[in-house]
Amino acid sequence: LRPVYDATQGLDGYVSLEVSPLLANDTQGTLAEARHLHALVNRPNIFIKVPATPAGVPAIEALISEGINVNVTLIFSLSQYEPIANAYIAGLEQRVNRGQDISMMASVASFFVSRVDTAVDKELEKLGHQELQGVAAIANARCAYALYQRLFGSERWQRLAERGAHVQRPLWASTS
């Protein structure tokens, strides 16, 4: 995918490599493995995939601050997403404060869509509300997109955009 990365000037053409899921609740372990994987691959179009756990939030901020692009995975809710987006923004702010370039930094926030319906629909069936099945996931995604628009439309974000920052793009995963 490197030709795509080059042709789009770093907008697209990324490959994701995941830290071990066994490190999902270990910030320092996640950081160590992410740094190792990033150095091992040593290509600009790599995303290091980090889970959206409480331990992942500080790891994401640190990695972005260090210039390592991140694919944040396993996002199911707005309460998970907001700290992730803010960690991305904070990591970019740290780079700016150190006088470092942010124009080639990238991140995606991978929202899992159909799995929300899988979980919610079972509960709706138990409650006898089959008429509501199959709509929670799309409603959740719409709310997530509205939050994305608010966060990346803020004055805080605009200061970074003026320095060449790219938004943390939503990635709609598990959309079956």
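Values in this document were obtained by computation on a predicted structure and should not be read as measured data. (Residues numbered from 1 in each chain as written. Predicted model: local features only at pLDDT ≥ 70, side-chain atom pairs only at ≥ 80, totals over all residues. Heavy atoms only, no water.)

A.B. asks: In this structure, what is going on with helix H2 (residues 27-41)? I would like to understand it.
C.D. replies: Since the α-helix turns once every 3.6 residues, residues separated by three or four places project in the same direction. Between its first and last C-alpha, H2 extends 21 Å over 15 residues, near the 21 Å set by a 1.5 Å rise per residue. Those residues of H2 that sit buried are Thr27, Gly29, Thr30, Leu31, Ala34 and Leu37. You can read the cap of H2 off the contacts: a side-chain oxygen lies 3.3 Å from the backbone nitrogen of Gln28, and it is on Asp26. Within two residues after H2, Asn42 carries a phi angle of roughly 55 degrees, on the positive side. (Helix = DSSP H or I, 4+ residues; strand = E, 2+ residues; numbered from the N terminus. Expected span 1.5 Å × (residues − 1). Buried < 20%, exposed > 50% of the residue type's maximum accessible area, 1.4 Å probe, protein only. Polar contact = N/O pair within 3.5 Å; in protein donor to acceptor, adjacent residues only side chain to side chain.)

A.B. asks: Looking at this structure, I do not really get the packing of aromatic side chains. What am I missing?
C.D. replies: The way to describe two aromatic rings as a pair is by their centre distance and the angle between their planes. A full pass over the atoms with the stated rule returns ten aromatic pairs. Summarising the aromatic geometry, the rings of Phe152 and Trp157 are spaced 4.9 Å apart at their centres and angled 75 degrees between planes, so their arrangement reads as edge-to-face. Classification of Phe152 as buried rests on a relative accessible area of 7%. Taken together, Tyr88, Tyr145, Tyr148, Phe152 and Trp157 form an aromatic cluster joined through their ring pairs. (Phe/Tyr/Trp six-rings, centres within 6.5 Å; stacked < 30°, edge-to-face > 60°.)

A.B. asks: Help me understand the sheet that holds strand S2 (residues 46-51) in this model?
C.D. replies: In a beta sheet, neighbouring strands are held together by backbone hydrogen bonds and run either parallel or antiparallel to one another. Read from one edge to the other, the open sheet built from five strands follows the order S1-S2-S3-S4-S5, with strand pairing classed as parallel. Every interior strand has two partners, whereas the edge strands, strand S1 (15-18) and strand S5 (169-173), have only one. Across the sheet, the mean angle separating the axes of adjacent strands is 30 degrees when strand polarity is ignored. In the sheet, strand S3 (residues 70-75) pairs with strand S4 (residues 107-112) via four bridges, with the strands oriented parallel. Paired with Ile75 across the strands is Phe111, a residue of S4. Sitting on the sheet, helix H4 (residues 78-97) is in contact with S3 and S4, with an inclination near 170 degrees to S3. (Pairing = 2+ DSSP bridges. Axes fitted to C-alpha atoms, helices over the stretch in contact; angles between N-to-C directions. Contact = heavy atoms within 4.5 Å.)

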